[in-house]
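# Structural description and commentary
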Amino acid sequence: MPDGEVVQKLLKNYQVHVTQKGDKTGKFHGMRVTPHIYTKTEELDRLVKGIQELSRG
């Protein structure tokens, strides 16, 4: 699944905002997850659930 699609699905289906990241060479693709002191445990649980479900396909 393309990086941008993962970012969109996490936001749409799990209400989790992450940022798509990569390097200038195009060799690194990923996403940035930046929890804050005010991030609730339930929000982190949604993130983990979303990543698990999306990785299964």
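Our subject in this report is the structure included herewith. For every chain, the first residue of the written sequence is number 1, and numbering continues from 1 onward in sequence order. Owing to the predicted nature of the model, reporting of local features is limited to residues with pLDDT of at least 70; listing and counting of side-chain atom pairs is limited to 80 or more, with chain, interface and lining totals taken over all residues. Heavy atoms throughout the structure, all of them, feed into the side-chain values; hydrogens and water do not.

### Brief notes about the overall build of the chain
- We count a stretch as a helix when DSSP gives it H or I for four or more residues in a row; a strand needs E for two or more, and each element gets its number in order from the N terminus. Secondary structure summary: the chain contains two helices and two strands in total.
- The linear arrangement of helices and strands in the chain, starting from the amino end, is α-β-β-α.
- With the C-alpha coordinates of the chain rotated into their principal frame, the extents come out at 35 × 30 × 15 Å.
- Per-residue burial for the chain yields a buried fraction of 18% across its 57 residues.
- Every residue pair with non-hydrogen atoms within 4.5 Å of one another is taken to be in contact. In the chain, 41% of the contacts between residues at least 6 apart in sequence involve partners at least 24 apart.
- Only the protein chains shown count as cover for residues, and all accessible areas are computed by the Shrake-Rupley method using a 1.4 Å probe. In the form shown here, the chain has an accessible surface area of approximately 4800 Å², with 53% of it arising from carbon and sulfur atoms. Burial classes follow relative accessibility: with a 1.4 Å probe on protein chains only, a residue under 20% of its type's maximum area counts as buried, one over 50% as exposed, and anything between as partly exposed.

### Considerations on the pattern of salt bridges
- Within this document, salt bridges are pairs made up of a side-chain nitrogen of Lys or Arg and a carboxyl oxygen of Asp or Glu, the two lying within 4 Å of each other. According to the stated counting rule, one finds one salt bridge in the structure shown.
- Between Glu5 and Lys9 there is a salt bridge whose closest N-O contact spans 3.5 Å. Pair noted here: Glu5 and Lys9 are both in helix H1 (residues 3-14), with a separation of four residues, about one helical turn.
- For Lys9, a relative accessible area of 29% gives the class partly exposed.

### Some points on the pairing of strand S1 (residues 19-22)
- When DSSP finds at least two bridges between two strands, those strands are taken to pair. When S1 meets strand S2 (residues 29-32), the two strands line up antiparallel, connected through four bridges. Considered in S2, the bridge of Gly22 is made with His29.
- Hairpin connection between S1 and S2: a loop of six residues separates the two successive antiparallel strands, and Gly26 in this loop has a positive phi of roughly 85°.

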